[in-house]
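Residues per chain, in single letters:
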Amino acid sequence: MTDQPTLDVRNLRVEFPGRHGTVTALDDISLSIRPGEILGVVGESGAGKSMTGLAVQRLLEPPGHIAGGEVWLGGRRIDNVTEREMEKIRGREIGAIFQDPLTSLNPLFSVGRQLIETICLHSDLSKSAAKLRAVELLAEVGIPAPAERVAHYPHQFSGGMRQRVVIALALAARPKLVIADEPTTALDVSIQAQITALLRRLCKENGTAVMLVTHDMGVIAETADRVAVMYAGRLVEIGPVAEVVARPSHPYTRGLMGSIPTLGARVPRLQQIDGAMPRLDAIPPGCAFNPRCPQVHDRCRLERPDLRPATASLAACWLASDAKESAA
Amino acid sequence: MIVFLVKRLANAALVMLVVALMAFLIFRFVGDPVQLMVNEQTTQAERDALREGLGLNDPVAVQFLRFVGNAVQGDFGVSYRNQQEVMSLIAERFPATIELVLLATVISLVVGVPLGVITAIHRGTWFSEGLQFLSIIGVSLPSFVIGILLILIFSVILNVLPAFGRGEVVSIGWWTTGLLTQSGRAALILPAVALSLYQITLVMRLVRAEMMEVLRSDFIKFARARGVPRSRVHYVHALRNCLMPVVTMTAMNIGSLIAFALITETVFQWPGMGMLFIQAVTFVDIPVMAAYLCIVSFIFVALNTLVDIAYALIDPRLRAARG
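Owing to the predicted nature of the structure, the values given are computational and were not obtained by experimental measurement. (Residues numbered from 1 in each chain as written. Chains lettered and ligands numbered in written order. Predicted model: local features only at pLDDT ≥ 70, side-chain atom pairs only at ≥ 80, totals over all residues.)

A. A look at the overall build of chain A. Of the regular secondary structure elements, chain A holds 13 helices and 12 strands. In summary, chain A has a C-alpha radius of gyration of 21 Å against a globular reference of 20 Å for 328 residues, a match within 12%. Along the longest, intermediate and shortest principal axes, the C-alpha atoms of chain A span 65 × 50 × 40 Å. A total of 328 residues make up chain A; the buried ones form 46% of that total. (Helix = DSSP H or I, 4+ residues; strand = E, 2+ residues; numbered from the N terminus. Rg over C-alpha atoms; globule rule 2.2 N^0.38 Å. Buried ≥ 20, exposed ≤ 12 C-beta atoms within 10 Å, placed from the backbone.)

If you want it as structure tokens, here you go:
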């Protein structure tokens, strides 16, 4: 593994200008993913997880746009290239997997046609060579009888099989980075494990970096190497999965961990985080989590904490750093 | 697929039978055909002979069956007005109307579909809003007003196109076409444009609405995430998903265009079926009216059936469900 990260997001800021002023949907997001590494991105609905993925792919719905920061892909800055350049990067260097396999595929084209389209767009293969490659890809993602299935239409596949097709499409051009946005949320629990295992295996084999966006801490714990926790458009904690799960430093992460049911463990009652995430146009000054934080103090209401080294991770919390400073 | 075809065809046949019954009833009960065919000097004996000769003394059911039998063979009787075979009258006029309607349809698709796509993609820009506004005018202006305006501009003021008639025509078998002569083509332009204007706006608005819907769907975003260029996403992935309602509407409208071309035909003195019908109404020429009704209905029903079959071809999901 080289030192250079596949994806390097630096101080990314996304804004949505609207009638009632500009909403900051992503605020100062910095993260990086190395080749072959899987970074889990978790948070509540609306925390900005999917938005981060879309911003990297430059697929934000207008009027949303990148208002600051930089995105580097394999040593090349991509947040300022032209749309035409970006079309060559999408699919070829960044693969995407969407949440709902039932709606991700064009219902009027056979899966083969969609695969061949993607392959031909990103390589010099002839149509017949692309067709062989399409069959290979379907076999790779574990679709039985791929030579036959390649001519079938999306509605002839089950949800799990369709998500395999989506993964095949995402990996068709052997991208450096795959952004998987809730890839298993719409699937049966029994299929979820298969799909995450498949994704993990393929990416490890090819040295592909993965941004795995999900609200399911269980999926992250099983699949990811590192985890980034997001809250109200900000990054609150980022670090190795095992460390963050075992010793979360940010009170919000702690709350998230406390609300996950564990099989076998007898907990009288699952914890919950009181209140709701603030609307993006009404984020309180200081730390965005301060109204819900059980350990809130005056400083949290005035100054916004930056990411700083905590026990085993980076956390955006005054307490985390204090704890470390006092421990040192 | 075969079961589906048979079902659709049986359906179509049933509808046609009902239409034929209505046409027959008009034929039979609106006025006395004998009365309309004779003059004051005709004796009662001659009248009775005519009545017998026309089969009007047979039971109604027998008369209806005879009517259907004849109609299927293309025999709708003799025009009261000029004693010509109704079918040959219609055959004479039919090509004019069909050429007009098909050209109008082609214009409406060629202009309407891209305009719909463009206004959907560039919604909110002044260009798109302007087109939207123009299309409201297009929808709300009656076609005879448009026809008269076109005549005023292109025939009277600019004097570049003929204001009426069909120009010179060339016969190919029983079919006559104006497409092969200079004057025929020139004469076709104004009526076709007048007839298509309303259709253009309909197609444009329909495509726009469908496109806006489809462009929001996940598979469009996913196609872009796969690196499919924007124009290909719009014109291949999105547009094909919009085509279903466009095909339906276009096909249905060919029927109504034929039926309602009579306004345009009247304005431009176009020698088509519409004009024939108007003349038939003026002279209470019931066989012509009945034949017109049957033929227009037949075209409607045939188009509807074709639309259903086209659905199955466009959308693989329907193919699977019915095949």
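B. Representation of the overall build of chain B within the structure. Counting its secondary structure elements, chain B contains 13 helices and 2 strands. Counting across all 323 residues of chain B, residues that qualify as buried make up 34%. Taking the intrachain contacts of chain B between residues at least 6 apart in sequence as the baseline, contacts between residues at least 24 apart amount to 71%. (Contact = placed C-beta atoms within 7 Å.)

C. The arrangement of the interface of chain A and chain B in detail. Counting residues at the interface gives 23 residues for chain A and 18 residues for chain B. Of all elements in the fold, only α2 (83-89), α3 (101-104) and α4 (111-122) of chain A reach the threshold of two or more residues within the side of chain A that touches chain B. Ranked by the residues each element gives to the side of chain A that touches chain B, the list is headed by α4 of chain A, at 4 residues. Tallied by class, the residues present in the side of chain A that touches chain B amount to 9 nonpolar, 8 polar and 6 charged. (Nonpolar A, V, L, I, M, F, W, Y, C, P; charged D, E, K, R; others polar.)

D. Region of the structure containing the sheet that holds strand β12 (residues 314-315) of chain A. Residues and elements named next belong to chain A. The 8 strands lie next to each other as β6-β7-β8-β3-β9-β10-β12-β11, forming an open sheet whose pairing is mixed. Looking at strand neighbours, the two that pair on one side only are β6 (94-97) and β11 (308-309), the edges of this open sheet. Summarising the sheet, strand β7 (residues 177-181) and strand β8 (residues 209-213) pair through 5 bridges and their orientation is parallel. Residue L177 lies in a different strand from β8, and its bridge partner there is A209. Of the strands in this sheet, β6 and β7 touch helix α7 (residues 159-171), which is tilted by about 170 degrees from β6. (Pairing = 2+ DSSP bridges. Axes fitted to C-alpha atoms, helices over the stretch in contact; angles between N-to-C directions.)

E. Representation of the sheet that holds strand β2 (residues 21-33) of chain A within the structure. Residues and elements named next belong to chain A. Strand order in the open sheet formed by 4 strands is β2-β1-β4-β5, and the pairing between neighbours is antiparallel. The sheet terminates laterally at β2 and β5 (76-77), the two strands that pair on one side only. Alignment of strand β1 (residues 7-18) against strand β4 (residues 65-73), held across 7 bridges, turns out to be antiparallel. Paired with R10 across the bridge in β4 is E70.

F. Fine view of the UniProt feature "domain: ABC transmembrane type-1" (unreviewed entry) in chain B. Residues given the UniProt feature "domain: ABC transmembrane type-1" (unreviewed entry) here are residues 94-307 of chain B. For residues 94-307 of chain B, the helix share is 79%, the strand share is 3%, and the end-to-end C-alpha distance is 22 Å. (UniProt positions renumbered as here; feature names shortened; annotations may be inferred.)

G. Here's a closer look at unusual backbone geometry. All names here are of chain A. For the bond from P62 to P63, the omega torsion is 10 degrees, close enough to zero to count as cis. Relative to the helices and strands, P63 resides in the loop between α1 (49-57) and β4. Here N11, not a glycine, exhibits a phi torsion of approximately 50 degrees, which is positive. Tracing the sequence through the fold places N11 in strand β1.

H. The arrangement of the confidence of the model for chain A in detail. On average, chain A scores 86 in pLDDT, and the residues at 70 or more come to 94%. This model gives residues 323-328 of chain A a pLDDT under 50, and the stretch forms 3 contacts once residues within four places in sequence are excluded. (pLDDT = per-residue confidence, 0-100.)

I. Representation of the UniProt feature "domain: ABC transporter" (unreviewed entry) in chain A in the model. Residues annotated by UniProt as "domain: ABC transporter" (unreviewed entry) correspond here to residues 9-257 of chain A. Structurally, residues 9-257 of chain A is divided into 41% helix and 27% strand, and its ends, taken at the C-alpha atoms, are 26 Å apart.

J. Inspection of helix α11 (residues 251-258) of chain A at higher detail. P251, Y252, T253 and L256 of chain A are the residues of α11 of chain A that are buried. Looking at the buried positions of α11 of chain A, the neighbouring elements they touch are α9 (217-223), β9 (226-231), β10 (234-240) and α10 (241-246) of chain A.

K. A look at the packing of helix α7 (residues 143-157) of chain B against helix α8 (residues 182-215) of chain B. Residues and elements named next belong to chain B. Where α7 contacts α8, the two axes come as close as 9 Å, and the packing angle between them is 140 degrees. When the axes of α7 and α8 are compared, the pair comes out oblique. In this structure, α7 meets α8 at a crossing whose hand is right-handed. From α7, S143, I146, G147, L150, I151 and F154 reach across to α8, where they touch L190, V193, A194, L195, L197 and Y198. Here the contact of α7 with α8 is built from residues that sort into 10 nonpolar, 2 polar and no charged. (Parallel < 35°, antiparallel > 145°, perpendicular 65-115°, else oblique. Left-handed = near helix turned anticlockwise from the far one by under 90°.)

L. Local environment of the UniProt feature "transmembrane region" (unreviewed entry) in chain B. Taking the numbering used here, the UniProt-annotated feature "transmembrane region" (unreviewed entry) corresponds to residues 12-30, 100-121, 133-164, 184-207, 242-270 and 290-314 of chain B. This span, residues 133-164 of chain B, is 72% helix and 0% strand, and a straight line between its end C-alpha atoms measures 30 Å.

M. Local environment of the environment of R201 of chain A. All names here are of chain A. Along the chain, R201 falls in helix α8 (residues 189-206). The class of R201 is exposed, set by 12 C-beta atoms lying within 10 Å. On a C-alpha basis, the gap between R201 and T223 in space is 9.9 Å, while along the polypeptide they are 22 residues apart.

N. Layout of the pairing of β8 of chain A. Residue and element names in this part refer to chain A. Summarising burial for β8: 5 of the 5 residues are buried, a large majority. The sheet contact formed by strand β3 (residues 38-42) and β8 spans 4 bridges and is parallel. In the strand pairing of β8, V41 is matched with V213. For the segment spanning β7, α8 and β8, crossover handedness is right-handed. (Right-handed = clockwise from strand over helix to strand, strands pointing away.)

O. Spotlight on the confidence of the model for chain B. For chain B, per-residue confidence averages 82 on the pLDDT scale, and 96% of positions sit at 70 or higher. Of all secondary-structure elements in chain B, the lowest mean pLDDT belongs to helix α13 (residues 316-322) of chain B, at 61, while helix α9 (residues 218-225) of chain B reaches the highest, 90.

P. Structural detail: the pairing of β1 of chain A. All names here are of chain A. As defined by bridge partners, β1 adjoins β2 across 9 bridges and the pair is classed as antiparallel. Paired with E15 across the bridge in β2 is T24. Once β1 ends, the chain turns through 2 residues before running back antiparallel as β2.

Q. Inspection of the packing of helix α6 (residues 126-140) of chain B against α8 of chain B at higher detail. Residues and elements named next belong to chain B. Remark: α6 packs on α8, axes separated minimally by 8 Å, with the N-to-C direction vectors making an angle of 130 degrees. One finds that α6 runs oblique with respect to α8. Note that α6 runs across α8; the crossing there is left-handed. Facing α6, whose interface residues are S135, G138 and V139, α8 presents L197, Y198, I200, T201, M204 and R205.

R. Local environment of the environment of C120 of chain A. All names here are of chain A. Topologically, C120 is positioned in helix α4. The exposure class assigned to C120 is partly exposed, which follows from the 18 C-beta atoms found within 10 Å. Dropping the residues within four chain positions of it, C120 is found in contact with L125, K127 and A130.

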